[in-house]
Amino acid sequence: MFSNQSLRILLYALPAAPVAALYFPVFVYLAEFYSSEFGLSIAVIGVTFLIVRLFDGFLDPVFGYLSDIIRVPILGRSVWLLISTPILIVSVWNLYMPDPKGLPSTGYFIFWLVITTIGWSAFITPYYALGTELTQDYNKRSVVAICREASVLTGTVIAACLYAFSENSTNGFRNIAYFIMLTLPIFSIICVISTKKSTINELKFNSLSGIYEFIRNISKNRPYLKLVSAYFINGAANGLPASLFIYFVNAKLNLSEYAGILLLVYFISAILAVPVWIYLGSYIIKPKLWCLSMVYASGIFFFVIFVGDGDLIPFLIICCLSGTAVGADLGIPASIQADIIDVDTQETGDDRAGLFFAVWSIITKSAIAISSGLGLILLSIVNFSDKGENSGLVLLILTILYCVIPILLKLVSVVIVWSFVSDKSLLKS
């Protein structure tokens, strides 16, 4: 039987699935969709992703601050989920289902990507901050974070299935859009209702001067600076292969017909491994567990260097094994941040979870924007063609961008994370 708190955690995690189903195709499929179907330049798409996602980072502190100071009685900061959901519904309709009567222009693509980005920031920053208010228990925070990320992975798998088993990319995006438009409003309402009585911290943070004080405090917070540095580097390591996956499978492996299946195997493995990470989290302190998960993922991903034309089974095994590390990679850093937020609240008396997760979101999006944007731009510079006929040198550069650089970045992150062990504020008491 579930306790009331466990049920509340599960209901809180529900909206993460459709939101992930919305954003996952943006990272993995959208560039190839608009370049191959509508003729948009890969370089233009890369620059657009870079600029729009950095703009997205600017929005996060705005919505983080607003969610800290503007809350409706009973609903608290969860009201922002209700405000942003309609924006996401309209944007996904237009971004994922362009008017078939005419080819979407570059301006059309940029406009609806920006609107989607605004809706995303207005939703995700308050949503993640809401998760810190569900419990003050050290281990339960890991459960909250990992359950939420398991929901993210579930939504990702659903989107990958809808895309993989569609006749073409146009139908794939349409099916994903229908799923989001059906589930996001329902799950958001359920989340809002289930968490309305769960708020722990009273609102005290209500002035613009508090933002300056917040920035000043975190600039002196050594554990937090370590955390966001490691998270940024690891995020860049994850962003490169995510944005280049379709191109790598199509051009290097010549397995375009299996791309959807390979992604499914990767994310299903991630979901199945979630209970393992929750179990290990009861015995291994969070920084060490995250570090071990990154070392494991890097070791598995190293073998990508040796796969080539038609190597379906070896790459399938790599996808399966590397996917098992995703749950830890997503959930553990957020859980560590929740511990830091709790310490900050106790020391200052201010509830600044919204701003903390705004910074978190900036780090996440900046890492992905820079890595994926530059990845696409570099492919364009070396004259990579998504139609085929790439030279050996171009395919070598694609391989380096896809797996070698991400491994090196992860190892740098491991070095930073390992130093967390000496910070008692981040360890289990």
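Residues numbered from 1 in each chain as written. Predicted model: local features only at pLDDT ≥ 70, side-chain atom pairs only at ≥ 80, totals over all residues. Heavy atoms only, no water.

## Let's talk about the environment of I110
Then, in step 1: Take I110: it is sitting in helix α6 (residues 106-131).
Then, in step 2: Put simply, I110 and I51 are 59 residues apart on the chain and 10.0 Å apart in space, counted from C-alpha to C-alpha. (Helix = DSSP H or I, 4+ residues; strand = E, 2+ residues; numbered from the N terminus.)

## Concerning the nonpolar core
Then, in step 1: L30, Y96 and F315 are the most contacted members of the largest nonpolar core, which has 118 residues in total.
Then, in step 2: With 13 residues, the top contributor of residues to this core is helix α10 (residues 222-252).
Then, in step 3: Core analysis: the next-biggest nonpolar cluster, separate from the first, contains 5 residues, L59, F63, W80 and A122 among them. (Core = buried A, V, L, I, M, F, W, Y, C linked by side-chain atoms within 4.5 Å. Buried < 20%, exposed > 50% of the residue type's maximum accessible area, 1.4 Å probe, protein only.)

## Observations concerning the confidence of the model for the chain
Then, in step 1: In this model, the chain carries a mean pLDDT of 81, and residues with pLDDT of at least 70 account for 86%.
Then, in step 2: Within the chain, helix α9 (residues 209-219) has the poorest average pLDDT of any element, 66, and helix α13 (residues 312-323) the best, 94.
Then, in step 3: In the predicted structure, residues 198-206 sits below a pLDDT of 50 and forms 30 contacts with residues beyond four places in sequence or in another chain.
Then, in step 4: In this model, residues 422-429 is a region of pLDDT below 50 whose contacts with residues beyond four sequence positions or in other chains number 20 contacts. (pLDDT = per-residue confidence, 0-100. Contact = heavy atoms within 4.5 Å.)

## Focus on a nonpolar patch on the surface
Then, in step 1: Together, L54, I370, L374, L378 and I381 make up a nonpolar patch on the protein surface, roughly 420 Å² of accessible area in all.
Then, in step 2: It is helix α15 (residues 353-381) that contributes the most residues to the nonpolar patch, 4 residues altogether.
Then, in step 3: The topology assignment puts L378 in helix α15.
Then, in step 4: The exposure class assigned to L378 is partly exposed, which follows from its relative accessible area of 39%. (Patch = residues over 30% accessible without salt bridge, like charges linked within 9 Å, V, L, I, M, F, W, Y side chains within 5 Å. Areas by Shrake-Rupley, 256 points an atom, 1.4 Å probe, with all protein chains shown as cover. Salt bridge = Lys/Arg side-chain N within 4 Å of Asp/Glu carboxyl O.)

## As for helix α8 (residues 169-195)
Then, in step 1: Between its first and last C-alpha, α8 extends 37 Å over 27 residues, near the 39 Å set by a 1.5 Å rise per residue.
Then, in step 2: At T183, α8 shows its largest kink, close to 30 degrees, and the proline P185 lies no more than four residues downstream. (Expected span 1.5 Å × (residues − 1). Bend = angle between axes of the 7 residues up to and from the residue.)

## Notes on the packing of α10 against helix α12 (residues 286-301)
Then, in step 1: Where α10 meets α12, the axes come as close as 13 Å, and the angle between the chain directions of the two elements is 25 degrees. If you check the angle between α10 and α12, you find them roughly parallel. Between α10 and α12 lies a crossing whose hand is left-handed. Every residue of α12 that contacts α10 at L227, A230, Y231, N234 and P241 is listed here: W290, M294 and F301.
Then, in step 2: In the contact of α10 with α12, the residues fall into 7 nonpolar, 1 polar and no charged. (Axes fitted to C-alpha atoms, helices over the stretch in contact; angles between N-to-C directions. Parallel < 35°, antiparallel > 145°, perpendicular 65-115°, else oblique. Left-handed = near helix turned anticlockwise from the far one by under 90°. Nonpolar A, V, L, I, M, F, W, Y, C, P; charged D, E, K, R; others polar.)

## Structural notes on helix α16 (residues 392-418)
Then, in step 1: Taking 1.5 Å per residue as the helical rise, α16 with its 27 residues ought to reach 39 Å, and the 38 Å between its terminal C-alpha atoms agrees with that figure.
Then, in step 2: Along α16, the sharpest change in direction is near 40 degrees and occurs at I400.

## As for the side chain of N390
Then, in step 1: Mapping N390 onto the fold places it in the loop between α15 and α16.
Then, in step 2: With relative accessibility at 16%, the residue N390 sits in the buried group.
Then, in step 3: Within the structure, N390 has its side chain in polar contact with the backbone nitrogen of S385 (distance 2.7 Å).
Then, in step 4: Excluding residues within four positions of it along the chain, N390 makes contact with A251, N383, F384, S385 and L395. (Polar contact = N/O pair within 3.5 Å; in protein donor to acceptor, adjacent residues only side chain to side chain.)

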